[in-house]
Amino acid sequence: MNNESQSGESEFRVVDRPELNGGGTLLSGPLCDFIEERYPKRYRVCFEWCSGPGYIGFELLQRGLVERVVFADINPDAIDCVTETMVLAGMNGEVSAYVSDNMQDVPEELKFDLVVGNPPNYCGINLEHPAGEMMRNDLRPFDEDWRIHRAFYSQISNYLRPGAHLFITEINPWSKQVYIPPFEAVPYDIRPRPPIDDFKEMIEDGFLTLVEVSDYLQGWTIDGTLATGQTAGLSVVVSRFAG
């Protein structure tokens, strides 16, 4: 499947597959709008964490908001898509990509002034929910006990330039339970406490400063599509590295 973005100075196709899409085709545009409107500048090197096929990073590159993007994902199929997009678009030094379990195989000599990501957003997917068993076995949504987040925030400052900004997408970070769809009696995700409390601790422990948490997209569904009346909403957690 190919997703063609319509914005930016030049146009190219982002190569993807349905099973790799964790909602990036829908959220990349609104997230990049947020960055462009609220934090306008041209960034030198962007890192897309949990990149999938690279929807956010390629959108930023296409808009001319970044000079270079580094992608990393644990799924080699996702990085194959990034590489194919890079080849089809005739890119040379603008893009590099790594198959990596979190930051494990990303060279530490790389330094970023922008980090974006749409990581797994649920820490306690409920097996009693109709989709619970299926989604717990899916790489895209499930971060059990926030282990992936904790590892990321504990390591990312080693890769940051002073003044770097991070824009990480989260779902209902103020809520202990997420109901999808809203009429479902059983919660889809059960969190021990509002995730933002965990994220604040991770950010502080990672030598970062929380800047803001802002809602930017409503109507999220389990399969990463949008629907009127859905209760899950996307927020972006913005933090900064002072250096």
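What you see is a predicted model, and the numbers here were worked out from it, not measured in a lab.

Asker: Can you walk me through the overall build of the protein chain in this structure?
Answerer: The helix and strand tally for the protein chain stands at six helices and 11 strands. The proportion of buried residues among the 243 residues of the protein chain is 55%. Sequence-distant contacts in the protein chain: of pairs separated by 6 or more residues, those separated by 24 or more amount to 69%. Entry remark: accessible area of the protein chain is about 10,600 Å², with carbon and sulfur atoms responsible for 48%.

Asker: I tried to follow the pattern of salt bridges on my own but got confused; where do I start?
Answerer: Two side chains with opposite charge may pair up if their charged atoms get near one another. For the structure shown, the criterion picks out 12 salt bridges. Here Glu212 and Arg38 are joined by a salt bridge, their closest N and O atoms 2.6 Å apart. Placement of the pair is Glu212 in strand β10 (residues 209-220) and Arg38 in helix α1 (residues 24-38), with a sequence separation of 174 residues. Of the residues examined, Arg38 reaches a relative accessible area of 45% and is grouped as partly exposed. Salt bridges linked by common partners bring Asp33, Glu36, Glu59 and Arg63 together as one network.

Asker: Looking at this structure, how should I read the packing of helix α5 (residues 147-155) against helix α6 (residues 195-205)?
Answerer: A pair of packed helices is characterised by two quantities: the angle between their axes and the separation of those axes. One can describe the packing of α5 onto α6 by two numbers: an axis separation of 8 Å at closest approach and a directional angle of 25°. Put simply, α5 runs roughly parallel to α6. Our pair here, α5 against α6, has a crossing hand that is right-handed. Contacts from His149, Arg150 and Tyr153 of α5 reach α6 at Asp198, Phe199, Met202 and Ile203. Here the residues of the contact of α5 with α6 sort into four nonpolar, one polar and two charged.

Asker: In this structure, what is going on with the environment of Glu19? I would like to understand it.
Answerer: Of note, Glu19 is situated in the loop between β2 (13-15) and α1. For the pair Glu19 and Asp138, spaced 119 residues apart in sequence, the C-alpha separation works out to 9.6 Å.

Asker: Is there a simple way to think about unusual backbone geometry in this case?
Answerer: Most peptide bonds are trans, and most residues other than glycine sit at a negative phi. Positive phi, close to 45°, is recorded for Asn172, a residue that is not glycine. Within the secondary structure, Asn172 is located in the loop between β7 (160-171) and β8 (177-178). Here Asn172 falls in the buried class, since its relative accessible area comes to 14%. Despite not being glycine, Phe207 has its phi angle at roughly 65°, a positive value. Inspection of the secondary structure puts Phe207 in the loop between α6 and β10.

Asker: Can you help me understand the pairing of β7 in this one?
Answerer: In regular strands, side chains alternate between the two faces of the sheet. Burial within β7 is extensive, with nine of its 12 residues counted as buried. Here strand β6 (residues 112-117) runs beside β7; their pairing, made up of five bridges, is parallel. Across the sheet, the residue bridging to Val116 is Phe167, located in β7.

Asker: What is the right way to look at the packing of α1 against helix α2 (residues 55-63) in this model?
Answerer: At a closest axis distance of 9 Å, the pairing of α1 and α2 adopts a crossing angle of 45°. With respect to α2, the element α1 is oriented oblique. Between α1 and α2 the crossing geometry is right-handed. Two secondary-structure elements touch here, α1 through Gly24, Thr25, Leu27, Ser28, Gly29, Leu31, Cys32, Asp33, Ile35 and Glu36 and α2 through Tyr55, Ile56, Glu59, Leu60 and Arg63. Grouping the amino acids of the contact of α1 with α2 by side-chain chemistry returns seven nonpolar, four polar and four charged.

Asker: I keep staring at the packing of aromatic side chains and nothing clicks. Help me out?
Answerer: Aromatic rings considered in pairs are described by the distance between their centres and by the relative angle of their planes. In the structure shown here, the tally under the stated rule is 10 aromatic pairs. Centre to centre, the rings of Phe34 and Tyr39 are 6.2 Å apart; their planes meet at 45°, and the pair counts as tilted. The exposure class of Phe34 is buried, given its relative accessible area of 6%.

Reading the values: rules and limits
- Sequence order sets the numbering: in each chain, residues are counted from 1 along the sequence as written.
- Where local features are concerned, this predicted model is filtered to residues with pLDDT of at least 70; where side-chain atom pairs are given and counted, the filter is 80 or more; whole-chain, interface and lining totals use all residues.
- With hydrogens and water set aside, each side-chain value is computed from the structure's full complement of heavy atoms.
- Working definition: helices are DSSP H or I runs of at least four residues, strands are E runs of at least two. Numbering for both runs from the N terminus.
- Per-residue accessibility, obtained with a 1.4 Å probe over protein chains only, is compared with the maximum for each type, and a residue is labelled buried under 20%, exposed over 50%, and partly exposed between these values.
- Working rule for contacts: check all heavy atoms of both residues, and any pair within 4.5 Å makes them a contact.
- We get accessible surface area from the Shrake-Rupley algorithm with a probe of 1.4 Å; when it comes to residues, only the shown protein chains can shield them.
- Every case where a carboxyl oxygen of Asp or Glu lies within 4 Å of a side-chain nitrogen of Lys or Arg is listed as a salt bridge.
- An axis is simply a line fitted to the C-alpha atoms; with a helix, the fit covers only the stretch in contact. Between two such axes, the angle follows the N-to-C directions and lies from 0 to 180 degrees.
- Convention used here: angles under 35 degrees read as roughly parallel, angles over 145 as roughly antiparallel, angles from 65 to 115 as roughly perpendicular, and any remaining angle as oblique.
- By the definition used in this description, the sense in which the near helix is turned from the far one sets the handedness, with an anticlockwise turn below a right angle giving left-handed and a clockwise turn giving right-handed.
- In this count, Pro and Cys sit with the nonpolar residues alongside Ala, Val, Leu, Ile, Met, Phe, Trp and Tyr, while Asp, Glu, Lys and Arg are called charged and the others, Gly among them, polar.
- Strand pairing is assigned whenever DSSP detects at least two bridges linking the two strands.
- Each aromatic pair joins two rings of Phe, Tyr and Trp (for Trp, the six-membered one) with centres within 6.5 Å, and gets the label stacked for planes under 30 degrees apart, edge-to-face for over 60, and tilted for any other angle.

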